[in-house]
Amino acid sequence: MQPSLLRSLLFVPGNSEKMLLKALQVHADALVPDLEDSVPKEEKVAARNLVSKMLPSLRAQVHKRVQIIPRVNSFYTQWFEEDLKAVLQLGVSAVTIGKVETAEEMKEIVKAIAEKEKEANLPSNSIKLIPWLETAKGVAYAREICASGSRLAAIAFGAEDFTADMQIERTSSGKEFYHARSWVCTAARASKLPALDSPWPHFRDLQGLEEDCRVAKAMGYKGKFSIHPGNIDIINKQFSPSTKEVEFAKKIVEAFEVARKAGRGSTSVNGTMVDEPVYRRARAVIEQESLLQDSSNASNL
C-alpha cells in the first residue's frame, strides 16, 4: 500500500447489503466489510458470498482514496481459507485478520494470501495485511509478529477480545489494558508500522470517544477502528493535527533549521526547548498535514 490515510476504519457487517451500501456515504479512510465478529456463525457463508459479490461495486462507488479492507475470520477457524479466496480481488488494499498470536502463524497466513493472490491473478504482494493482536499470547509476541514481513500494512489492537482473554472487565477508562495497548503500539513503531486502535464500544458517548481517541493518539496510535458511522468524523478530527499544532510545528522546524545552520544543536520557540527529537516530531506533524491536503485535493477532483 502506498502511504495513505488510515485515521478511521469503519466496520460494516458483511451480512447486511443495506449497511454495506450506506457505508459509502461515510467519510471513513477505510471501509472494513466484516466477516468475523459482527456476523453470527449461521450467516458466515451467506455474508462471505454477499461481500464477495459486492466488493467490485463498492470499489467502483467509493472514492479512490478510500481503502477497502475486508476482515476475514481468524486463521484457525473453518472459514478462513474460503473467506480469503472470496475477498482477494482487484481494488482490495488489504485484509485484516483477528486473533493472531505468533510469528509462525503469521508465516502461514502470509503464505495463504500469496497462494490466493496467485490464484486470483493479482499482482504479487499487492494485498497487504493488518493483523489484530487481541489475546494475551498475541500481545506477548507483538514484537515478533510486527517484524514478520513486508506484507504488513499496520497493526491493530483489540481491547474487547483482550479483556475477555484476560478475564477482566473492560471499563470506559481503559486503564486495565493500558500496558497491552501501549506495548502493541510500541512494537508496531519498532517495525515502522502504524498502529490502529480498538473501536470505542459506547458509540453514543461522543465525549467519551473523544477522550479515548486522545489517549490512543498520545500513546502513538495513528488511527482507530469504528463500529458506528456516527463516530467517524470525531475520529478523523482527533487523529488529524489541528491548525494550531501545524502552525507551531512550522515554527519549530524553521527555528531549528536556522539554529542548525548557525552550528547549534538546540534552540527555543515560545519558551519551549527545541532539539533534534522535537524537530523530528514537528516534521512528522507537517508531513501528516501534507498527506491530509493531498487527500483533500484528490477528493475534490
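Think of each chain on its own: its residues are numbered from 1, step by step along the sequence as written. A pLDDT threshold of at least 70 governs which residues receive local features in this predicted model, and a stricter bar of 80 or more applies before side-chain atom pairs are shown or counted, although totals over entire chains, interfaces and linings include all residues. For side-chain calculations, the full set of non-hydrogen atoms in the structure is used, while hydrogens and water are omitted.

Draft legend 1. Broad picture of the packing of aromatic side chains. For Phe, Tyr and Trp, where Trp contributes only its six-membered ring, two rings pair if their centres lie within 6.5 Å, and the inter-plane angle classes them as stacked under 30 degrees, edge-to-face over 60, or tilted in between. Under the defined criterion, the tally for this structure stands at 8 aromatic pairs. For the pair Phe-157 and Phe-177, a centre-to-centre distance of 5.8 Å together with 45° between the ring planes defines the contact as tilted. With Phe-157 in strand S7 (residues 155-157) and Phe-177 in the loop between helix H7 (159-166) and helix H8 (178-190), this residue pair connects regions lying 20 residues apart in the sequence. Neither Phe-157 nor Phe-177 differs from the other in exposure class; each is buried. Ring-pair connections join several aromatic residues into one group, and the members of that group are Phe-11, Trp-132 and Phe-225. As a reminder, the over-ring test applies to NZ of lysine and CZ of arginine, requiring each to be within 6 Å of the ring centre and within 35 degrees of the ring normal. Sitting above the plane of the Trp-132 ring, Arg-71 keeps its charged end 5.6 Å from the centroid. By the criteria applied, helices consist of DSSP H or I runs no shorter than four residues and strands consist of E runs no shorter than two, each listed in order from the N terminus. Accessible area is worked out with a 1.4 Å probe on protein chains only. A residue is then buried under 20% of its type maximum, exposed over 50%, and partly exposed in between.

Draft legend 2. Expanded view of the pattern of salt bridges. We define a salt bridge as a side-chain nitrogen of Lys or Arg found within 4 Å of a carboxyl oxygen belonging to Asp or Glu. Enumeration over the complete set of coordinates arrives at 20 salt bridges. Note that Arg-65 and Asp-29 form a salt bridge whose closest N and O atoms lie 3.0 Å from each other. With Arg-65 in the loop between helix H2 (44-61) and strand S3 (67-68) and Asp-29 in the loop between helix H1 (17-22) and strand S2 (30-34), the pair connects residues that are 36 residues apart, well separated along the chain. For Asp-37, the salt bridge goes to Lys-99, with nearest N and O atoms at 3.8 Å. Of this pair, Asp-37 sits in the loop between S2 and H2 while Lys-99 sits in the loop between strand S5 (94-97) and helix H4 (103-119), placing them 62 residues apart in sequence. Through salt bridges with shared partners, a single network forms among Asp-34, Glu-36, Asp-37, Arg-71, Lys-99 and Asp-161.

Draft legend 3. Seen up close, the layout of surface pockets. A volume near 1600 Å³ is recorded for the largest pocket. Here the term cavity refers to a set of points on a 1 Å grid, laid over the protein atoms alone, in which a 1.4 Å probe fits but cannot get out; the term pocket refers to an open set having protein on both sides within 12 Å along at least five of seven lines, with lining residues being those that place an atom within 4 Å of a point. Considering the residues around the largest pocket, the lining is formed by 42 residues, among which Arg-189, Lys-222, Ala-284, Val-285 and Gln-288 are closest to the centre. When contributions to the lining of the largest pocket are tallied by element, the ones reaching two or more residues are H8, helix H9 (206-219), helix H11 (243-261) and helix H12 (276-299). Of the residues forming the lining of the largest pocket, the biggest block, 10 residues, is contributed by H12. Grid points are joined across faces, edges and corners, and a volume is the space filled by probe spheres set on the points.

Draft legend 4. How the structure looks around the pairing of strand S6 (residues 128-133). Here S6 lies mainly inside the structure; 6 of its 6 residues are buried. Alternating residues of S6 divide into Lys-128, Ile-130 and Trp-132 and Leu-129, Pro-131 and Leu-133, and every residue in both groups is buried. When the strands point away from the viewer, a crossover counts as right-handed if the path from the first strand over the helix to the second runs clockwise. With H4 bridging S5 and its parallel neighbour S6, the resulting β-α-β unit is right-handed. For S6 and S7, the ladder comprises 2 bridges, and the chain directions are parallel. Bridging from a neighbouring strand, Trp-132 pairs with Ala-156 of S7. Note on pairing: DSSP must find at least two bridges between two strands before they are called paired.

Draft legend 5. Local environment of the UniProt feature "binding site: Mg(2+)" (unreviewed entry) in the chain. Here, the residues flagged by UniProt with the feature "binding site: Mg(2+)" (unreviewed entry) are Glu-134 and Asp-161. Across 28 residues in sequence, these annotated residues keep their C-alpha atoms within 5.4 Å of one another, forming a single compact spot. The annotated residues contributing to the lining of the second largest pocket are Glu-134 and Asp-161. Residue placement: Glu-134 occurs in the loop between S6 and helix H5 (136-140). For Glu-134, a relative accessible area of 2% translates into the label buried. Note on contacts: a residue pair is in contact if any heavy atoms of the two residues lie within 4.5 Å. Not counting the four nearest positions on each side in its chain, Glu-134 is found in contact with Gly-98, Lys-99, Gly-158, Asp-161 and Phe-162. UniProt positions are given in the numbering used here, feature names are shortened, and annotations may be inferred rather than shown by experiment.

Draft legend 6. Quick peek at the environment of Ala-259. Looking at the element boundaries, Ala-259 is found in helix H11. As for Ala-259 and Asp-275, which are separated by 16 residues in sequence, their C-alpha atoms are 9.6 Å apart. Those residues within four positions of Ala-259 in sequence are excluded, and the remaining contacts are Arg-264, Ser-266 and Thr-267.

Draft legend 7. Main features of the nonpolar core. Residues Leu-31, Val-95 and Phe-157 are the most contacted members of the largest nonpolar core, which totals 63 residues. Top element by residues in this core is H2. It accounts for 6 residues. When near neighbours in sequence (up to four residues on either side) are disregarded, Phe-157 contacts Trp-132, Leu-133, Val-139, Phe-162, Phe-177, Ala-180, Arg-181, Val-184, Leu-196, Asp-197, Ser-198 and Tyr-221. By size, the runner-up hydrophobic cluster in this structure holds 14 residues, among which are Phe-11, Trp-132, Ala-153 and Ala-154. In this description, a nonpolar core means a group of buried Ala, Val, Leu, Ile, Met, Phe, Trp, Tyr and Cys residues linked to one another through side-chain atoms lying within 4.5 Å.

Draft legend 8. Focus on the environment of Pro-13. Mapping Pro-13 onto the fold places it in strand S1 (residues 8-13). For Pro-13, a relative accessible area of 17% puts it in the buried group. For Pro-13 and Pro-194, which are 181 residues apart along the polypeptide, the C-alpha to C-alpha distance reads 24 Å.

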